[in-house]
Amino acid sequence: MVTKTLEPCPVFIGGEWREISGLETSPVYNPSRGDVISEVPMCGADIVNDAVSAAADAFPAWRDTPPVERARLFFRYRQLVEENFDHICQLVTREHGKTLAEARGSAYRGLENIEYACGIPTLLMGDTLENLARGVDCETMHQPLGVCVGITPFNFPAMVPMWMFPLALACGNTFVLKPSEKVPLTANYLIELLEKAGLPKGVLNVVHGGRACVDALLQHPKVRAISFVGSSPVAKYIFETGTSHGKRVQANGGAKNYIVVMPDADVPRTVEALSTAAFGCAGERCMAGSTALTVGKAADQLLPSLVEAARAIKVGPTDVSAQPDMGPVITAQHRDRVLSLVARGEKEGAKIICDGRNSGSADAPNGFYVGATIVDQVQNEMTIAREEVFGPVLNVMRIDDLDHAIAMANKSSYGNGTAIFTNSGKAAREFKHRVKAGMVGINIGVPATMAMFPFTGWDDSFYGDLHIQGREGVQFYTQQKVVSSRWFGEGVGDVWKK
Ligand code: NAD
């Protein structure tokens, strides 16, 4: 169903908001209701060229703006984001479907990246060594790259863009943001606020679209670096295409995250953490704990209360004041994919012990709902064990001991996050030492890193060298220069000699 007035979705180029007409469009839904709220223009090479050119033109002046002044822009921006926080969260909820509490939690993770960017004068400091040789001094400097690009996924409409542009800009780069075509409205609003904070024209630009738009960005000769977050096949494509065109690329991909539950784990706390890790944000998180590896008798101890907790999760529309526990997934197509993966798991021999497939909302019959689902007795060769489901579905694999649990987790081609629940320091130590994943939780179900630490996916969860966030983020958005200097002429003599 199409609502009467669609929200505009302009691009932002050279400091001007521009409505684009005459192009193919893609619908933006309110997933809680299933209705279309906006149409995104699918921009191509000409609009991308305008945006990159505006960013390239703005670069010399922005690069020469002192880091303390660039930081002040982000102090003002931080204030505006905080003042308009509720509105940002409502936008996230409306176009993505997260609950307001989930929108707040994730937008705060974004805000922390702005706060981190406020520290840029210190973060950009280099090293010096006096008298590298007699009369020769040496210093390192961290200089910006030029035009950087951010391409973001649908699942965190505010947080993921904020992983990228605050730090890239604070480092002195200019930027072109290409938000997910499924959730473009939150990104546009974040940039409206940046404009209000005093963003100079052209320093940040926004284009909208899909593959053609991304390809034009990947190939544009004036683009120096690309930050990407999305699914693994696209991350790999972005990395290969971007690097083959001479760009620096960091590309975060998808995931399949394992949570090992030892027989000595605290049952109520583990149930709570597992339930949040698997079903929070309707499972649409790259750090979702989507597979529980229960060791020994842990399954029998855990599953009755876990099933009870999952059954109690109330699904419904999130664009209302009485908030449900869980919102919809992003589109009808995605809901159908999640349902078909569960059905396939059942066909391949797994047991559905909590079935959310017929969950819906009487208040919002056209919304894209899937209820919390638990699939027990999953085997590694099953499709549901291998593919990222990206919905509120928890697989349970029963394992004999910790060694086999670690071996099972390490079979995955992904390596984003993982966790162990145990009271044994020895088990936790073994796990953190041997498991192959970039982010590890010990009695923490979603060990996603915060702004000051890099977001360290491994294997098919990340393509590149320098991760997003933290000092690695600063390294990614800068290039080092080492200056060795000598000044000729008479010295003043040995002033230390009395
Ligand atoms: P997606 O890969 O479909 O899209 C991501 C971006 O790439 C979008 O902006 C989209 O327009 C663009 N895109 C899509 N297909 C493309 C193609 N063929 N060529 C060029 N560009 C293309 O991802 P999504 O569905 O929006 O997001 C969900 C995925 O993102 C999940 O796999 C999730 O695990 C992953 N994710 C990863 C992280 C992380 O940090 N590792 C964080 C959030 C989400």
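Look above for the structure.
A brief report on the enclosed structure follows. (Residues numbered from 1 in each chain as written. Predicted model: local features only at pLDDT ≥ 70, side-chain atom pairs only at ≥ 80, totals over all residues. Heavy atoms only, no water.)

1. Here's the deal with the overall build of the protein
Then, in step 1: In terms of regular secondary structure, the protein is built from 16 helices and 23 strands.
Then, in step 2: By the compact-globule yardstick of 23 Å for 498 residues, the protein fits well, its C-alpha radius of gyration being 24 Å.
Then, in step 3: For the protein, the C-alpha atoms occupy an extent of roughly 85 × 65 × 40 Å along the three principal directions.
Then, in step 4: For the protein, the proportion of its 498 residues judged to be buried stands at 58%. (Helix = DSSP H or I, 4+ residues; strand = E, 2+ residues; numbered from the N terminus. Rg over C-alpha atoms; globule rule 2.2 N^0.38 Å. Buried < 20%, exposed > 50% of the residue type's maximum accessible area, 1.4 Å probe, protein only.)

2. Some points on helix H8 (residues 211-219)
Then, in step 1: Those residues of H8 not exposed but buried are Cys213, Val214, Asp215, Ala216, Leu217 and Leu218.
Then, in step 2: For H8, the elements touching its buried residues are helix H1 (45-63), strand E8 (147-151), strand E9 (174-178), strand E11 (223-229) and helix H9 (232-244). (Contact = heavy atoms within 4.5 Å.)

3. Digging into unusual backbone geometry
Then, in step 1: If you check the backbone angles, Cys281 has positive phi at about 55° while not being a glycine.
Then, in step 2: Tracing the chain through its elements places Cys281 in the loop between helix H10 (267-279) and strand E14 (289-295).
Then, in step 3: What makes Cys281 buried here is its relative accessible area of 5%.
Then, in step 4: Its identity as a non-glycine residue notwithstanding, Ala282 has a phi of 50°, on the positive side.
Then, in step 5: Among the secondary structure elements, Ala282 is positioned in the loop between H10 and E14.

4. Section: the sheet that holds strand E6 (residues 128-133)
Then, in step 1: One open sheet holds the 3 strands; their spatial order is E6-E7-E23, and the pairing between them is antiparallel. Sheet topology places E6 and strand E23 (478-486) at the edges, where each strand pairs with a single neighbour. Across the sheet, the mean angle from the axis of one strand to that of its neighbour is 30°, orientation sign disregarded. (Pairing = 2+ DSSP bridges. Axes fitted to C-alpha atoms, helices over the stretch in contact; angles between N-to-C directions.)

5. Here's the deal with the pairing of strand E19 (residues 417-421)
Then, in step 1: Taking burial as the measure, the 5 residues of E19 include 5 buried ones, the bulk of the element.
Then, in step 2: Side chains Gly417, Ala419 and Phe421 project from E19 onto one buried face, and the interleaved Thr418 and Ile420 project onto a second face that is buried too.
Then, in step 3: In this sheet, E19 lies alongside strand E13 (residues 257-261) in parallel orientation, the contact comprising 4 bridges. Residue Val260 lies in a different strand from E19, and its bridge partner there is Ile420.
Then, in step 4: One ladder, built from 4 bridges, connects E19 with strand E20 (residues 439-442); its direction is parallel. When the bridges of E20 are listed, Gly417 appears paired with Met439.

6. As for the environment of Arg434
Then, in step 1: Structurally, the position occupied by Arg434 is in helix H15 (residues 425-434).
Then, in step 2: The sequence separation of Arg434 and Pro304 amounts to 130 residues, and the corresponding C-alpha distance is 30 Å.
Then, in step 3: Every residue in contact with Arg434, bar those within four places of it in the chain, is listed here: Asp403, Ile406 and Asn410.
Then, in step 4: Side chain to side chain, Arg434 and Asp403 meet in a polar contact 3.2 Å long. (Polar contact = N/O pair within 3.5 Å; in protein donor to acceptor, adjacent residues only side chain to side chain.)

7. Some points on the sheet that holds strand E16 (residues 373-376)
Then, in step 1: Taken in spatial order, the 7 strands make up an open sheet running E15-E16-E17-E14-E13-E19-E20, and their pairing is mixed. Both outer strands of the open sheet, strand E15 (351-354) and E20, are each paired with one neighbouring strand and no more. Taken over all neighbouring pairs, the strand axes of this sheet differ in orientation by 25° on average, direction set aside.
Then, in step 2: Two elements, E16 and strand E17 (residues 393-399), share 3 bridges in a ladder whose sense is parallel. Following the sheet pairing, Ile374 is matched in E17 by Leu394.
Then, in step 3: Strand contacts of helix H11 (residues 298-311): E13, E14, E15, E16 and E17, with the helix running at about 60° to E15, the strand carrying the most contacts.

8. What to know about the nonpolar core
Then, in step 1: Core analysis: the largest hydrophobic core is formed by 65 residues, its most contacted members being Phe74, Tyr77, Leu169, Phe175, Leu194, Leu204 and Tyr477.
Then, in step 2: If one sorts the elements of this core by residue count, helix H6 (residues 159-170) sits on top with 10 residues.
Then, in step 3: Mapping this core onto the domain boundaries places at least three of its residues in each of domain 1 (11-253 + 461-483) and domain 2 (257-442).
Then, in step 4: The residues contacting Tyr77, other than those within four sequence positions of it, are Ile114, Phe165, Leu190, Leu193, Leu194 and Ala197. (Core = buried A, V, L, I, M, F, W, Y, C linked by side-chain atoms within 4.5 Å. Domains from an automatic or database assignment.)

On their own, these measurements won't tell you what the molecule is for.
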